[in-house]
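So the chains spell out like this:
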Amino acid sequence: RDPPVDNDARAFIKTDSRGRSLDSLLRSILCMLCCCCALLALYSLYSMRGVERYLDPAKRCDLASYDISTLELDLKRCNLDTLSPLILRFERLRKLDLGHNQLETLPPLPQSIEGLFCTENSFQVVPGVLAALRQLRMLSFRSNKLRMVSSSLPPSIEWLILTNNRIPRLPSRIGYLSKMRKLM
């Protein structure tokens, strides 16, 4: 049995410092939590605009489904054995990830590319078309079937990643890439 409580204590227990009832306060807190959850849900939906292409692999891998002003393209795991010449439409493209496909060669690429990632494909030679990419700074051909590296890499290269390939030796011209900071 609860100890006896006088009327002043009972009034104190049922109201907060502003005289609001605790039931009312709890309802207000619950309402604010629901509003916060709703706002988070709306923010999530807003921030995921364009994510439907990631949920649908056919769209994600279709160059025609992207706006030509796209700055980054992620075409990993698209089962590509060729890259569409439509890639040239993306004149502002900065990063292109072609990892985990079956590519052996590349078409001409947009001049704006700064990072190209061709990890785990079937390249045997670094494609000569890369020599035209004067803004290319990061280049990865990790885990391909490379047997040789083209001596015509653009002078802008800072990172060159060639690990897990079959390259017996690098061309001496790689030493002339004065901006090179990382060679793996």
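In short, a report on the structure. This is a predicted model, so every value here is computed, not measured.

## Let's talk about the overall build of the protein
Reasoning step 1: The helix and strand tally for the protein stands at four helices and six strands.
Reasoning step 2: Along its sequence from the N terminus, the protein presents helices and strands in the succession α-α-α-α-β-β-β-β-β-β.
Reasoning step 3: For the protein, buried positions account for 32% of its 184 residues.
Reasoning step 4: Across the protein, contacts joining residues at least 24 apart in sequence account for 12% of those joining residues at least 6 apart.

## Here's the deal with unusual backbone geometry
Reasoning step 1: We note that Glu 120 has phi near 50°; this positive angle belongs to a residue other than glycine.
Reasoning step 2: Here Glu 120 is to be found in the loop between strand E3 (115-117) and strand E4 (138-140).

## Details of the state of the cysteines
Reasoning step 1: Within this structure, the stated rule accounts for one disulfide.
Reasoning step 2: Note on cysteine connectivity: Cys 61 is disulfide-linked to Cys 78, with sulfurs 2.0 Å apart. Residues Cys 61 and Cys 78 are joined by a disulfide whose S-S torsion is about -80°; by sign, that bridge is left-handed. Taken as a pair, Cys 61 in the loop between helix H4 (57-60) and strand E1 (72-74) and Cys 78 in the loop between E1 and strand E2 (95-97) lie far apart in primary sequence, 17 residues in all. Here Cys 61 and Cys 78 have matching classes, each one buried.

## Describing the nonpolar core
Reasoning step 1: Ranked by internal contacts, the top residues of the largest apolar core, which has 35 residues, are Leu 83, Leu 96, Leu 98, Leu 106, Leu 109 and Leu 116.
Reasoning step 2: Beyond its immediate stretch of four places on either side in the chain, Leu 96 contacts Leu 73, Leu 75, Leu 83, Ile 87, Leu 109, Ile 113, Gly 115, Leu 116 and Phe 117.

## Thoughts on the sheet that holds strand E6 (residues 182-183)
Reasoning step 1: In space, the six strands of this open sheet follow the order E1-E2-E3-E4-E5-E6, with parallel pairing throughout. On the outer flanks of this sheet lie E1 and E6, each paired with one strand and no other.
Reasoning step 2: The sheet contact formed by E3 and E4 spans three bridges and is parallel. When the bridges of E4 are listed, Phe 117 appears paired with Ser 140.

Definitions and cut-offs
Residues numbered from 1 in each chain as written. Predicted model: local features only at pLDDT ≥ 70, side-chain atom pairs only at ≥ 80, totals over all residues. Heavy atoms only, no water. Helix = DSSP H or I, 4+ residues; strand = E, 2+ residues; numbered from the N terminus. Buried < 20%, exposed > 50% of the residue type's maximum accessible area, 1.4 Å probe, protein only. Contact = heavy atoms within 4.5 Å. Disulfide = S-S within 2.5 Å. Core = buried A, V, L, I, M, F, W, Y, C linked by side-chain atoms within 4.5 Å. Pairing = 2+ DSSP bridges.

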